[in-house]
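Chain by chain, the residues run as shown.
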Amino acid sequence: MSRAEAATAGAAVPAADGRPGRPWSLGLFRSELLITFRRWRTLALLGVLAAVPVLVGIAVKIETSDGSSFGGTGPESGGGGPAFISQISNNGLFLVFSALAATLPFFLPMAVGVVAGDAIAGEASGGTLRYLLVAPAGRTRLLLTKYATVITFCLAATLVVAVSALAVGALLFPVGDLTTISGTRISYAEGLGRALLIALVVAASLVGVAALGLFVSTLTGSGIAAMATTVGLLITVQILDQIPQLHAVQPYFFTHHWLSFADLMREPVYWDDLRKNLGLQALYAAVFGSAAWARFTTKDITS
């Protein structure tokens, strides 16, 4: 079934009182998922993400082959990537945390930005957009479907990094009970649970980028322009987040609390920055999602 057929089959049916029915189509969503994850560009992005933990793991293995340590001196060295990297040789599970910390600042959001930026603009440039709007209330349903597809990609991309790191870590390094950033010991099973929770938090940290990319995608008919603009905005925000003179506004950048997931490896868990991060992502999703809806529902579709 094509996307146009899926949209028609899942069209919102008017209720008895004349009000529109459901603005959602499972068939269209399934079709979008299949098309998105079958693209060579998407597969290439996932391949690059899967390769990052492999490269990090090999680098740590080579560096510590003579028994020396890598990175910092232990879990007390900080809450971000270096603290995790220094523990990889002791426990391969730390490669999951290190790989997520390494990919979150650029690789993961760049991949999400590419998929989100192409969501609407790619259809317009390919001449297929108007064929997807054949059903009643088609624009709202299509936009919701596109955003749900991008969110699904956020989760899939994060899990690809986590699973690749888990496999490489178990292959190259010992596994077992692990030491948290706070210095306490937890079981390997609990560590796996926290790794899964961290992956979910990292995926949730990307919903702001997804909404921003979707909004940019509604502003242009060029998929390449939308992808480049989204990635460019992402890089710009991250640069601004490193300028000390902007400290007053930096807590409101969607990138500012990304590495707060490291607090899930403390005992007890520090929730303050995690709540700020998730709340900020929800705010960006609401603002740019609403802007994308306002733009797309009033846009003159000519292709």
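Basis of the calculations
- Residues numbered from 1 in each chain as written.
- Predicted model: local features only at pLDDT ≥ 70, side-chain atom pairs only at ≥ 80, totals over all residues.
- Heavy atoms only, no water.
- Phe/Tyr/Trp six-rings, centres within 6.5 Å; stacked < 30°, edge-to-face > 60°.
- Helix = DSSP H or I, 4+ residues; strand = E, 2+ residues; numbered from the N terminus.
- Buried < 20%, exposed > 50% of the residue type's maximum accessible area, 1.4 Å probe, protein only.
- Contact = heavy atoms within 4.5 Å.
- Axes fitted to C-alpha atoms, helices over the stretch in contact; angles between N-to-C directions.
- Parallel < 35°, antiparallel > 145°, perpendicular 65-115°, else oblique.
- Left-handed = near helix turned anticlockwise from the far one by under 90°.
- Nonpolar A, V, L, I, M, F, W, Y, C, P; charged D, E, K, R; others polar.
- 1 Å grid on protein atoms, 1.4 Å probe; cavity = no way out; pocket = protein on both sides within 12 Å on 5 of 7 lines; lining within 4 Å.
- Points joined across faces, edges and corners; volume = space filled by probe spheres on them.
- Patch = residues over 30% accessible without salt bridge, like charges linked within 9 Å, V, L, I, M, F, W, Y side chains within 5 Å.
- Areas by Shrake-Rupley, 256 points an atom, 1.4 Å probe, with all protein chains shown as cover.
- Salt bridge = Lys/Arg side-chain N within 4 Å of Asp/Glu carboxyl O.

*Asks:* I'm lost on the packing of aromatic side chains in this one. Help?
*Replies:* Between two aromatic rings, the relevant description is the distance of the centres plus the angle of the planes. Under the criterion given, the structure shown has 7 aromatic pairs. Centre to centre, the rings of F37 and F153 are 6.0 Å apart; their planes meet at 45°, and the pair counts as tilted. Residue F37 is found in helix α2 (residues 26-38), and its partner F153 is found in helix α7 (residues 138-172); the two are separated by 116 residues along the sequence. Judged by its relative accessible area of 0%, F153 is buried. A centroid spacing of 5.9 Å and a plane angle of 50° characterise the contact between F215 and F288, whose relative ring orientation is tilted. A residue pair is termed long-range when its members are at least 10 positions apart, and F215 in helix α9 (residues 207-217) and F288 in helix α11 (residues 272-298) qualify at 73 residues. Put simply, the rings of F215, F254, W258, Y284 and F288 pair up and form one aromatic cluster.

*Asks:* How should I be thinking about the side chain of T218 in this particular structure?
*Replies:* Looking at the element boundaries, T218 is found in the loop between α9 and α10 (223-240). According to the relative accessible area criterion, T218 is buried, its value standing at 0%. Filtering out sequence-adjacent residues up to four positions away, T218 remains in contact with I120, L143, A292, R295, F296 and K299.

*Asks:* In this structure, what is going on with the packing of α7 against α11? I would like to understand it.
*Replies:* Angle between the axes and distance between the axes: these two values describe a pair of packed helices. Relative to each other, α7 and α11 sit at 140°, their axes nearing to 10 Å. What the angle tells us is that α7 and α11 run oblique. Read as a crossing pair, α7 and α11 show a hand that is right-handed. Two secondary-structure elements touch here, α7 through R139, T140, L142, L143 and Y147 and α11 through A285, A292, W293, F296, T297 and T298. Tallied by class, residues from the contact of α7 with α11 come to 7 nonpolar, 3 polar and 1 charged.

*Asks:* Where do I start with the layout of surface pockets in this structure?
*Replies:* If a probe the size of a water molecule is rolled over the atoms, the empty space left behind becomes visible. In this structure, the largest pocket encloses a volume near 220 Å³. Lining the largest pocket are L104, P105, Q238, D241, Q242, T255, H256, H257, W258, L259, S260 and D273. Residue classes in the lining of the largest pocket are distributed as 4 nonpolar, 6 polar and 2 charged.

*Asks:* Can you help me understand a nonpolar patch on the surface in this one?
*Replies:* The grouping of L155, L159, V163, L196, L197, L200 and W271 at the surface amounts to a nonpolar patch, some 600 Å² of accessible area in total. Every element with two or more residues in the nonpolar patch is listed here: α7 and α8 (188-204). Judged by relative accessible area, which is 37%, L197 ranks as partly exposed.

*Asks:* What's the story with the packing of α2 against α7 in this structure? I'm lost.
*Replies:* With their axes 9 Å apart at the nearest point, α2 and α7 run at an angle of 50° to one another. It follows from the interaxial angle that α2 and α7 lie oblique. Here α2 and α7 pass one another in a crossing that is right-handed. Of the residues in α7, those touching α2 at L28, F29, E32, L33, T36 and F37 are R141, L142, T145, K146, A148, T149, T152, F153 and A156. Of the residues assigned to the contact of α2 with α7, the class counts are 8 nonpolar, 4 polar and 3 charged.

*Asks:* Could you clarify how one ought to interpret the environment of D263 in this entry?
*Replies:* Inspection of the secondary structure puts D263 in the loop between α10 and α11. The class for D263 is buried, based on a relative accessible area of 9%. Every residue in contact with D263, bar those within four places of it in the chain, is listed here: V269, Y270, D273 and L274.

Just distances and angles here, no functional claims.
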